[in-house]
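Architecture and fold: a report
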Amino acid sequence: MIIKGEQNGDPTRTGFAVGKANLPPKREVCTRGANDNKRRANLLDSHCHLYNSQYDTDREEVISDIFASGIEKVICVGADIESSKSARDLAESHDSIYYTIGVHPDDCDSYDENVIENMIRESSNKLVAIGEIGLDYFHNKDNKSKQIEVFISQINLAIKYKLPIVIHCREAYGDTLDILKRFAPLAVPIVFHCYSGSLEYSRELLRLGIKMSFTGNVTFKNAKNIQEVASNLPLDSFFFETDSPYMSPVPHRGERNTPKYVWDVARFVADLRGISADELIKITDENAKHFFKF
Ligand SMILES: [Zn+2]
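Within the protein chain one finds nine helices and eight strands. In the protein chain, buried positions account for 48% of the 294 residues.

What follows covers the pairing of strand E2 (residues 71-76). Here E2 lies mainly inside the structure; five of its six residues are buried. Summarising the sheet, strand E1 (residues 43-48) and E2 pair through four bridges and their orientation is parallel. Within E2, the position partnered with Leu-44 by the bridge is Lys-73. Note that the unit made of E1, helix H1 (residues 59-68) and E2 has a crossover that is right-handed. Looking at chain direction, E2 and strand E3 (residues 97-101) are connected through three bridges and run parallel. Bridging across to E3, Cys-76 finds its partner in Tyr-99.

Looking now at unusual backbone geometry. Residues Gly-131 and Glu-132 are joined by a peptide bond in cis, for which omega reads 0°. Mapped onto the elements, Glu-132 comes out in strand E4 (residues 127-136). Despite not being glycine, Asp-243 shows a phi value in the positive range, around 60°. Within the element layout of this structure, Asp-243 appears in the loop between strand E8 (238-240) and helix H8 (262-273). Note on Asp-243: 29 C-beta atoms within 10 Å, which makes it buried. A positive phi is found at Met-247, a non-glycine position, where the angle reads about 60°. With respect to the helices and strands, Met-247 occurs in the loop between E8 and H8.

Conventions we followed
Residues numbered from 1 in each chain as written. Predicted model: local features only at pLDDT ≥ 70, side-chain atom pairs only at ≥ 80, totals over all residues. Helix = DSSP H or I, 4+ residues; strand = E, 2+ residues; numbered from the N terminus. Buried ≥ 20, exposed ≤ 12 C-beta atoms within 10 Å, placed from the backbone. Pairing = 2+ DSSP bridges. Right-handed = clockwise from strand over helix to strand, strands pointing away.

Okay, here's the thing in structure tokens:
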């Protein structure tokens with residue numbers, strides 16, 4: 001079980017006051033080029049779950065549609081042993097799909113280090129990271145020590161095989177940071193996916209050299225804390241994702257999400273920052289490619 005369309009963060013932990021003064025002046029939503037995605041090359045979706053059963057009836061159509069919209073690459077993220085295998089199968093059968101292997105904290109009871117290590121050993125060059133791994137005390141806080149043990153085991157595997165790490169963190173900010181600090185200086189790149197923490201916390205991550213990725217929840221009307229982070233982070237420290245089929249961005253809320261909606265996430269953040277979407281996408285895509293080394 002992975003996140004079920006809920007905000008993947010701790011809404012009670014904003015950690016800073018959100019005031020109008022902290023946000024850039026509001027601008028009209030950027031629609032330039034909205035129907036011309038093909039021309040604007042190189043946007044990628046760094047986190048989605050295309051193996052999800054929500055795509056069972058039309059997966060190949062969805063995939064064709066993603067690349068027809070001008071998306072260059074997508075990373076299909078594993079969340080347990082089975083879904084990591086499904087992500088690998090999708091990556092093996094589609095040129096522009098890459099994958100990760102990992103066991104999400106919600107599934108920590110099913111973790112088997114030997115199985116995961118064998119999957120990494122037998123992987124192809126389409127494997128780009130270990131993830132999503134981490135801690136989730138929103139869904140379960142009765143098994144913290146098991147979650148921590150599984151998280152640390154997978155961090156060690158990522159370091160052993162020199163693979164970047166994709167982190168899931170929900171209502172577990174303190175423990176996650178404490179664990180990551182134990183590994184500092186970090187031997188492999190790390191990204192906090194679906195970043196929903198505070199500005200203050202993002203600065204702690206930056207000090208460790210950790211990147212963040214933003215998804216559809218940054219576009220939500222009540223997500224002022226995430227918007228403040230997205231407005232303030234250095235340009236070289238973040239990139240974009242959809243977390244499809246969850247987290248559909250405005251104006252697609254309520255619909256099944258698809259990686260092609262990463263355009264909406266990127267355009268929203270560009271607008272927040274008062275820069276052109278083309279310019280921002282060029283930078284964030286370089287960030288993601290550098291991070292995942294492809
Ligand atoms: Zn995910």
